[in-house]
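Residues per chain are reported as follows:
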Amino acid sequence: MALPLLPGNSFNRNVGKEKFHKSQHWGFCNNVMMLVSDEKPGIGGEPLLGQKIKPKCSIYPKGDGSDVPSWVAFDKQVLSFDAYLEEEVLDKSQTNYRIRYYKIYFYPEDDTIQVNEPEVKNSGLLQGTSIRRHRITLPPPDEDQFYTVYHFNVGTEVVFYGRTFKIYDCDAFTRNFLRKIGVKVNPPVQCPEDPYMKIRREVVEHVEPLRPYESLDTLKQFLQYHGKILCFFCLWDDSVSMFGDRRELILHYFLCDDTIEIKELLPHSSGRDALKMFLRRSKLPKNCPPRVYQPGQITDRAVLNSYGDFIKNQADGYLFDRYKLGKVDQEFYKDSDLSLGVTINVWGRKVLLYDCDEFTKSYYKSKYGIENFTSVSCKPPSPPPKIERKFPPYNGFGSEEDSLRNCIDLKPTPHRRNFKKFMEKDSYGSKSNILRFFAKLVTDKCVDLDRMFVISYYLGDDTISVFEPIERNSGIAGGMFLKRSRVKKPGQEVFKSELSEYIKAEELYIGVTVNVNGYLFRLLNADEYTLNYMEQNTDKYPFSNLKLALQKLKQEEGKSRELKQVFKAADSKHTNMVDYNTFRFEDSEKQIDYKSFFSALNWRKNPVPELQPASYLKERCEDVWLGMPSPIPAKYIDYWTFLKDAFGLEEE
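Let us look at the structure shown here. Everything numeric in this text was worked out from a predicted model, so none of it was measured. (Residues numbered from 1 in each chain as written. Predicted model: local features only at pLDDT ≥ 70, side-chain atom pairs only at ≥ 80, totals over all residues. Heavy atoms only, no water.)

1. A closer look at the overall build of the chain
Then, number 1: Check the secondary structure of the chain and you find 12 helices and 24 strands.
Then, number 2: Residue burial in the chain is summarised as follows: out of 652 residues, 29% are buried.
Then, number 3: Just so you have it, the chain exposes about 46400 Å², and 54% of that area is on carbon and sulfur atoms. (Helix = DSSP H or I, 4+ residues; strand = E, 2+ residues; numbered from the N terminus. Buried < 20%, exposed > 50% of the residue type's maximum accessible area, 1.4 Å probe, protein only. Areas by Shrake-Rupley, 256 points an atom, 1.4 Å probe, with all protein chains shown as cover.)

If you want it as structure tokens, here you go:
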């Protein structure tokens with residue numbers, strides 16, 4: 001007898017055991033107490049002596065790695081078996097039995113089974129899902145057990161609800177799966193042919209119907225190529241005909257129904273109607289018909305006659321032309337006829353295919369193995385030399401622009417100003433867009449030597465105005481010297497066909513001499529706005545580029561000490577400032593002579609005398625500026641800042 005499970009009465013065999021429950025073997029069925037099951041285990045779920053518990057599901061061999069449940073390990077895995085079933089036929093006039101083919105699907109994750117019957121055309125049977133997915137029990141006397149993966153193999157039979165299925169083959173995945181779990185898979189077995197389908201096929205092959213069935217399966221092509229379009233870039237050269245030119249086109253080939261549409265690419269201001277389509281979508285024949293076909297002439301079948309009750313206006317049948325006499329044969333363009341460099345016939349128009357898109361290239365590469373997709377050059381021929389248009393010379397009436405407009409159009413139009421430039425350079429806010437220079441008249445007359453002028457250049461329309469400040473008791477009236485207008489450059493012919501050149505803004509800077517209608521003006525100074533404008537536009541005014549000036553001075557860095565001594569000798573009061581006239585070294589053209597400048601800086605050869613500031617008659621304009629800039633650009637020069645910026649010298 002076993003000792004009770006009390007403390008101190010247990011042996012080592014029970015050490016570590018945690019489950020001590022006892023299974024219930026008795027129960028009630030229809031209010032009658034009976035033995036429920038003899039397969040229940042003993043205490044703690046351990047089997048009794050001599051008891052063998054039948055497995056309820058497939059037991060797979062354990063391998064290396066983590067132990068995961070079957071519904072995780074075999075998720076989305078299906079074993080497929082090919083089977084057939086012999087079914088007895090009640091009407092035995094044609095055959096005694098039928099052979100029906102099935103697909104048996106076994107799901108290893110939960111041992112469920114599904115049976116499907118593939119659809120056979122004109123079989124006369126209801127086909128599809130025969131047995132829905134669920135666990136199927138074994139035939140009697142083992143109906144208390146279920147089918148597992150080990151019950152299936154090629155060449156075996158399985159019974160599902162009294163119907164015997166003979167397995168004759170399986171797919172590669174199923175064969176490999178069974179081999180991995182230790183099942184030896186038999187070779188495929190020959191499947192018998194259905195005698196009814198064999199008899200029906202022989203009858204159909206030997207019967208020639210009066211109206212043969214013609215299969216035009218366009219649904220497959222539509223489903224396979226729906227939305228897939230080949231795109232070609234085309235050119236129709238119609239320049240040979242009168243008023244013709246070169247037309248750029250785009251050809252779309254629809255693979256779903258072998259139709260073609262063509263669109264035209266119209267450039268801007270082409271003068272043509274912006275039509276959406278050059279050729280509407282349709283099948284394109286290779287050869288244009290000699291005439292227009294009548295309605296009903298192009299049809300799939302020709303009706304010779306009809307018979308029936310014509311009194312009731314009802315036809316019982318039709319007599320077709322089985323030989324298709326008089327049928328119009330048309331050959332249409334296919335995708336195999338289109339390639340780069342090919343010229344197609346579009347209803348009498350020769351259209352050249354010279355390029356295509358990337359999808360078209362990949363399609364022809366995969367289907368036809370074409371590798372070369374070099375674009376065809378379709379450059380237009382060189383145009384004939386353009387005849388230069390010559391205009392008559394200017395006759396002196398009106399402006400040159402107005403006279404030129406009379407020669408261009410039969411109905412003269414006024415000359416158009418540069419409105420964009422006018423809007424950008426017009427005066428607004430604190431920006432005047434007017435360059436003002438203080439100038440002196442260059443002349444040999446003693447009376448005009450001291451006359452000063454203000455020259456204004458308007459950037460909006462490139463006009464110039466000259467104003468002379470009024471000075472009392474000078475004997476000169478002063479005021480407007482030249483009203484606002486464009487000034488021509490000197491030396492141009494008056495009566496000529498070309499338009500004259502006018503003074504530009506970049507030609508005006510301090511120190512230059514300008515010829516204004518025969519009067520020579522030397523620009524002495526400019527206002528602050530003009531100086532800032534020139535410094536901001538150094539590409540037009542290189543003399544205002546401070547970096548470029550310092551760079552040129554740094555090239556004479558070896559003479560920096562000598563320059564310092566020269567400036568100190570000129571600065572007798574040690575104010576670090578020298579008079580502006582120290583830098584006035586002019587040549588015959590009234591420009592600064594740099595050779596004379598650097599020669600004068602050589603204090604050893606040319607000692608600097610005591611400098612006397614030059615007296616200007618109108619120096620008072622510096623203190624009282626009557627609406628014009630000072631005639632003197634600067635009175636004193638800070639030479640020490642100049643040497644520091646140019647050569648980096650430090651003050652001693």
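2. Topic: the pairing of strand E17 (residues 434-441)
Then, number 1: Counting buried positions over the eight residues of E17 gives six, a clear majority of the element.
Then, number 2: Taken together, the seven bridges between E17 and strand E18 (residues 452-458) define a ladder with antiparallel strand orientation. The partner of Ala-439 across the bridge, within E18, is Phe-453.
Then, number 3: Where E17 lies against strand E22 (residues 519-526), five bridges are found, and the strand directions are antiparallel. Residue pairing across strands places Ala-439 opposite Leu-523, the latter belonging to E22. (Pairing = 2+ DSSP bridges.)

3. A closer look at the side chain of Ser-23
Then, number 1: Following the sequence through the fold, Ser-23 ends up in the segment before strand E1 (26-29).
Then, number 2: Note on Ser-23: relative accessible area 16%, which makes it buried.

4. Describing a nonpolar patch on the surface
Then, number 1: The grouping of Trp-26, Phe-28, Met-33 and Leu-35 at the surface amounts to a nonpolar patch, some 510 Å² of accessible area in total.
Then, number 2: Those elements that place two or more of their residues in the nonpolar patch are E1 and strand E2 (32-35).
Then, number 3: For Phe-28, a relative accessible area of 66% gives the class exposed. (Patch = residues over 30% accessible without salt bridge, like charges linked within 9 Å, V, L, I, M, F, W, Y side chains within 5 Å. Salt bridge = Lys/Arg side-chain N within 4 Å of Asp/Glu carboxyl O.)

5. Remarks on the sheet that holds strand E15 (residues 343-346)
Then, number 1: As summarised here, the arrangement of the six strands in space is E12-E11-E10-E9-E16-E15, forming an open sheet in which the pairing is antiparallel. Of all strands in the sheet, those bounded by a partner on one side alone are strand E12 (279-282) and E15. Strand-to-strand twist of the sheet, defined as the mean angle between neighbouring strand axes without regard to direction, takes the value 35°.
Then, number 2: With five bridges connecting them, strand E9 (residues 229-237) and strand E16 (residues 349-356) associate as antiparallel partners. From the neighbouring strand, Phe-232 faces E16, where its bridge partner is Cys-356.
Then, number 3: On the sheet, helix H5 (residues 358-367) packs against E9 and E16 and is oriented at approximately 110° with respect to E9. (Axes fitted to C-alpha atoms, helices over the stretch in contact; angles between N-to-C directions. Contact = heavy atoms within 4.5 Å.)

6. Remarks on the packing of helix H9 (residues 546-554) against helix H12 (residues 639-647)
Then, number 1: Close contact between H9 and H12 brings their axes to 9 Å; oriented N to C, the two are set at 80°. On the basis of the axis angle, H9 is roughly perpendicular to H12. Residues Leu-550, Leu-553 and Lys-554 of H9 touch H12, and the partners they reach there are Phe-642, Asp-645, Ala-646 and Phe-647.
Then, number 2: Here the contact of H9 with H12 is composed, by residue class, of five nonpolar, no polar and two charged. (Parallel < 35°, antiparallel > 145°, perpendicular 65-115°, else oblique. Nonpolar A, V, L, I, M, F, W, Y, C, P; charged D, E, K, R; others polar.)

7. Observations concerning helix H6 (residues 400-408)
Then, number 1: Residues of H6 that are buried: Glu-400, Glu-401 and Ser-403. Taken end-on, H6 shows its buried residues confined to a sector of 160°, consistent with a single buried face. (Arc of directions from axis to C-beta.)

8. Some details on the nonpolar core
Then, number 1: In terms of nonpolar packing, the biggest core is built from 28 residues, with Phe-81, Ile-104, Ile-113, Phe-152, Phe-160 and Phe-165 touching the most fellow members.
Then, number 2: Here this core gets four residues from one element, more than from any other, and that element is strand E3 (residues 79-88).
Then, number 3: When near neighbours in sequence (up to four residues on either side) are disregarded, Ile-113 contacts Ile-104, Tyr-105, Phe-106, Arg-132, Arg-133, His-134, Ile-136, Tyr-147, Phe-152 and Phe-160.
Then, number 4: In terms of nonpolar packing, the next biggest core, distinct from the first, is built from 24 residues, Ala-439, Leu-459, Ile-464 and Ala-505 among them. (Core = buried A, V, L, I, M, F, W, Y, C linked by side-chain atoms within 4.5 Å.)

9. A short note on the pattern of salt bridges
Then, number 1: Taken as a whole and assessed by the stated rule, the structure comprises 28 salt bridges.
Then, number 2: Across the pair Lys-166 and Glu-86 runs a salt bridge, and its minimum N-O distance is 3.7 Å. Taken together, the positions of Lys-166 in strand E8 (residues 163-170) and Glu-86 in strand E3 put the pair 80 residues apart, joining distant regions of the chain.
Then, number 3: A relative accessible area of 25% places Lys-166 in the partly exposed class.
Then, number 4: Bridged by salt links that share partners, the residues Glu-87, Arg-100 and Glu-117 form one connected network.

10. Comments concerning the sheet that holds strand E7 (residues 157-160)
Then, number 1: What the six strands build is an open sheet, ordered E6-E5-E4-E3-E8-E7; its pairing is antiparallel. Lying at the two open borders of the sheet, with one neighbouring strand each, are strand E6 (128-134) and E7. Between one strand axis and the next, the sheet turns through 30° on average, direction left out of account.
Then, number 2: Examined bridge by bridge, E7 and E8 share four bridges and lie antiparallel to one another. Looking at the pairing, Val-158 lines up with Phe-165 of E8.
Then, number 3: Strand contacts of helix H2 (residues 172-180): E3 and E8, with the helix running at about 110° to E3, the strand carrying the most contacts.

11. Quick look at the pairing of E7
Working note: regular strand, side chains alternate between the two faces of the sheet.
Then, number 1: Here E7 shows a buried face lined by Val-158 and Phe-160 and an unburied face lined by Glu-157 and Val-159.
Then, number 2: Connecting E7 to the antiparallel partner E8 that follows it, the hairpin turn spans two residues, and Tyr-161 within it adopts a positive phi of roughly 55°.

12. Remarks on the packing of aromatic side chains
Then, number 1: What the rule picks out here adds up to 23 aromatic pairs.
Then, number 2: Plain terms: the ring middles of Trp-236 and Phe-278 are 5.8 Å apart, the flat faces sit at 55° to each other, and that makes the pair tilted. Placement of Trp-236 in strand E9 and of Phe-278 in the loop between strand E11 (259-265) and E12 is noted, with a sequence separation of 42 residues between them.
Then, number 3: Their ring planes at 80° and their centres at 5.2 Å tell us that Phe-481 and Tyr-519 sit as a pair that is edge-to-face. Taken together, the residues Phe-481 in strand E20 (residues 479-485) and Tyr-519 in strand E22 connect sequence positions 38 residues apart.
Then, number 4: Among the aromatic residues, those joined into a ring-pair cluster are Phe-81, Tyr-102, Phe-106, Tyr-147, Phe-152, Phe-160 and Phe-165. (Phe/Tyr/Trp six-rings, centres within 6.5 Å; stacked < 30°, edge-to-face > 60°.)

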